[in-house]
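Notes for the structure review
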Amino acid sequence: MTQVITEVKKMQALMKAQKRKGVRIGFVPTMGALHDGHLSMMRRSVKNNDITVVSVFVNPLQFGPNEDFDAYPRQIEQDVAAVETVGVDYVFYPSVEEMYPDKLDINLTVGRLAEVLEGTQRPGHFDGVVTVVNKLFNIVQPDFAYFGKKDAQQLAIVEKMVADFNHAVKVIGVDIVRETDGLAKSSRNVYLTAEERQEAPHLYQSLLLAQAQYDEGVRESNQLVTVIRDHLEVNTSGRIEEVAVYSYPKLEPCEMISGRVFISLAVKFSKARLIDNIIIE
Ligand code: PAF
């Protein structure tokens, strides 16, 4: 039976007691509106740890003034029922006041890693992410924490935060889970209109076209970016906000592909901004 904990102190005390007993804690931080992508991270955690904690917290610090904080889907009963089916032990579900009782006086700021991609479109977003993840790690004290590769930049930034601040946690990146037509699962897919939902699989298809070009020997990033942009322009009504190739996990721009890179894109539909990526080794 999954227990729902809403207080920071209670969660912290419970986990401290578990750690004293040598229990291995897996942790999946989420903002709720759970889908199969989240559940696959939870299954992995349940398999590899003694207990699994999932946090459900829509973190105001990572939303810009014109973003969807108020509209972000909230469905805690459904979420608790879903995590119960995969064997999650605890849901940490604090209020905003519980997490941020006072205005923060000490701020975390992400440097160069946030100066590209999502960071340029969403100023302050990653500062908000590392702040809440830092707090959640201190509350839950996990041995392993699971993050989706769909937010590849977030994953790279959290890994760097763990290294920079010596958190005693191992971060695990979990593969993107897709709908049968290729659309990456996302809590924001519910914002798509019926027509946009038809177009959305073209995001992944455009990435597969780039992958095919790479497999045929193309190494110029620009050429891959053009293939993706052309495909998106013809097949979607969304505004292309970003198509880029960066080294991974350092997130340095690369004109010629060598080593591990990720190709990422962001498309803004009427109410949903969707991102997707592939990592090429
Ligand atoms: O990926 C998310 O859902 C959020 O950014 C996270 C990691 C739960 C922090 O609020």
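Since this is a predicted model, take the numbers as computed values, not measurements.

Scanning the protein chain from N- to C-terminus turns up 10 helices and 9 strands. For 281 residues, the compact-globule formula gives about 19 Å, and the C-alpha radius of gyration of the protein chain, at 19 Å, lands near that figure. Overall, the C-alpha framework of the protein chain stretches about 55 × 40 × 40 Å when taken along its three principal axes. The proportion of buried residues among the 281 residues of the protein chain is 54%. Put simply, of all contacts in the protein chain between residues at least 6 apart along the chain, 72% involve residues at least 24 apart.

Our focus in this paragraph is the site of the ligand. Surveying the vicinity of the ligand reveals the residues Pro29, Thr30, Met31, Gln62, Val132, Phe147 and Gln154. Within the side chain of Gln62, one N or O atom sits 2.6 Å away from an oxygen atom of the ligand. One of the side-chain N or O atoms of Gln154 is found 2.7 Å from an oxygen atom in the ligand. Surface burial for the ligand is 89%, taken as the share of its 290 Å² of free accessible area covered by protein chains. Grouping the constituent residues of the shell around the ligand by class yields 4 nonpolar, 3 polar and no charged.

Right, let's get into the UniProt feature "binding site: (R)-pantoate" (unreviewed entry) in the protein chain. The UniProt record marks Gln62 and Gln154 with the feature "binding site: (R)-pantoate" (unreviewed entry), using the residue numbering of this structure. A maximum C-alpha distance of 11.5 Å is found for the annotated residues, which run over 93 residues; spatially they form one tight group. When you line up the elements, Gln62 lands in the loop between β3 (51–56) and α3 (76–85). In contact with Gln62, other than residues within four places in its own chain, are Met31, Glu67, Arg122, His125, Gly128, Val129 and Val132. Engagement of the side chain of Gln62 in a polar contact is seen with the side chain of Asn59, the distance being 2.9 Å. On the secondary structure map, Gln154 appears in helix α7 (residues 152–164). Classification of Gln154 by relative accessible area gives buried; the value is 18%. If we skip the residues at most four places from it in the chain, Gln154 touches Phe126, Val129 and Phe147.

So, about the packing of helix α9 (residues 201–215) against helix α10 (residues 221–235). Two measures define how a pair of helices packs: the angle their axes make with one another and the distance between the axes. Between α9 and α10, whose axes approach to 9 Å, the crossing angle comes to 150°. On the basis of the axis angle, α9 is roughly antiparallel to α10. The crossing of α9 and α10 is right-handed. Contacts from His202, Leu203, Gln205, Ser206, Leu207, Leu209, Ala210, Gln213 and Tyr214 in α9 reach Gln223, Leu224, Val227, Ile228, His231, Leu232 and Asn235 in α10. For the contact of α9 with α10, a count of residues per class yields 9 nonpolar, 7 polar and no charged.

The full count for this structure, using the stated rule, is 13 salt bridges. In this structure, the salt-bridge partner of Glu118 is Arg273, at a minimum N-O distance of 2.7 Å. Note that Glu118 is positioned in helix α5 (residues 118–121) and Arg273 in strand β9 (residues 273–280), a separation of 155 residues in sequence. Residue classification places Arg273 among the buried residues on the basis of a relative accessible area of 19%. The closest approach of N and O atoms between Glu241 and Arg273, which form a salt bridge, is 2.4 Å. You can see Glu241 sitting in strand β7 (residues 239–247) and its partner Arg273 sitting in strand β9, a full 32 residues away along the chain. Of the two residues, Glu241 and Arg273, neither departs from the other in class, the shared state being buried. Each of the salt bridges in this network shares a partner with another, and the network as a whole consists of Glu118, Arg239, Glu241 and Arg273.

Turning our attention to the packing of aromatic side chains. Tallied over the full model, the rule gives 6 aromatic pairs. Ring geometry for Tyr248 against Phe262: centres 5.2 Å apart, planes inclined by 65°, an arrangement best described as edge-to-face. Of this pair, Tyr248 sits in the loop between β7 and β8 (261–268) while Phe262 sits in strand β8, and the two are 14 residues apart along the sequence. The burial state of Tyr248 is the same as that of Phe262; both residues are buried. One aromatic cluster is present, formed by Phe27, Phe137 and Phe147 through successive ring pairs. Positioned above the aromatic ring of Phe69, the side-chain terminus of Arg74 is 4.8 Å from the ring centre. Directly above the aromatic system of Tyr214 lies the positively charged group of Arg219, at a separation of 3.8 Å from the ring centroid.

Thresholds, definitions, all that
- Residues numbered from 1 in each chain as written.
- Predicted model: local features only at pLDDT ≥ 70, side-chain atom pairs only at ≥ 80, totals over all residues.
- Heavy atoms only, no water.
- Helix = DSSP H or I, 4+ residues; strand = E, 2+ residues; numbered from the N terminus.
- Rg over C-alpha atoms; globule rule 2.2 N^0.38 Å.
- Buried < 20%, exposed > 50% of the residue type's maximum accessible area, 1.4 Å probe, protein only.
- Contact = heavy atoms within 4.5 Å.
- Near = heavy atom within 4 Å.
- Polar contact = N/O pair within 3.5 Å; in protein donor to acceptor, adjacent residues only side chain to side chain.
- Areas by Shrake-Rupley, 256 points an atom, 1.4 Å probe, with all protein chains shown as cover.
- Nonpolar A, V, L, I, M, F, W, Y, C, P; charged D, E, K, R; others polar.
- UniProt positions renumbered as here; feature names shortened; annotations may be inferred.
- Axes fitted to C-alpha atoms, helices over the stretch in contact; angles between N-to-C directions.
- Parallel < 35°, antiparallel > 145°, perpendicular 65-115°, else oblique.
- Left-handed = near helix turned anticlockwise from the far one by under 90°.
- Salt bridge = Lys/Arg side-chain N within 4 Å of Asp/Glu carboxyl O.
- Phe/Tyr/Trp six-rings, centres within 6.5 Å; stacked < 30°, edge-to-face > 60°.
- Lys NZ or Arg CZ within 6 Å of the ring centre and 35° of its normal.

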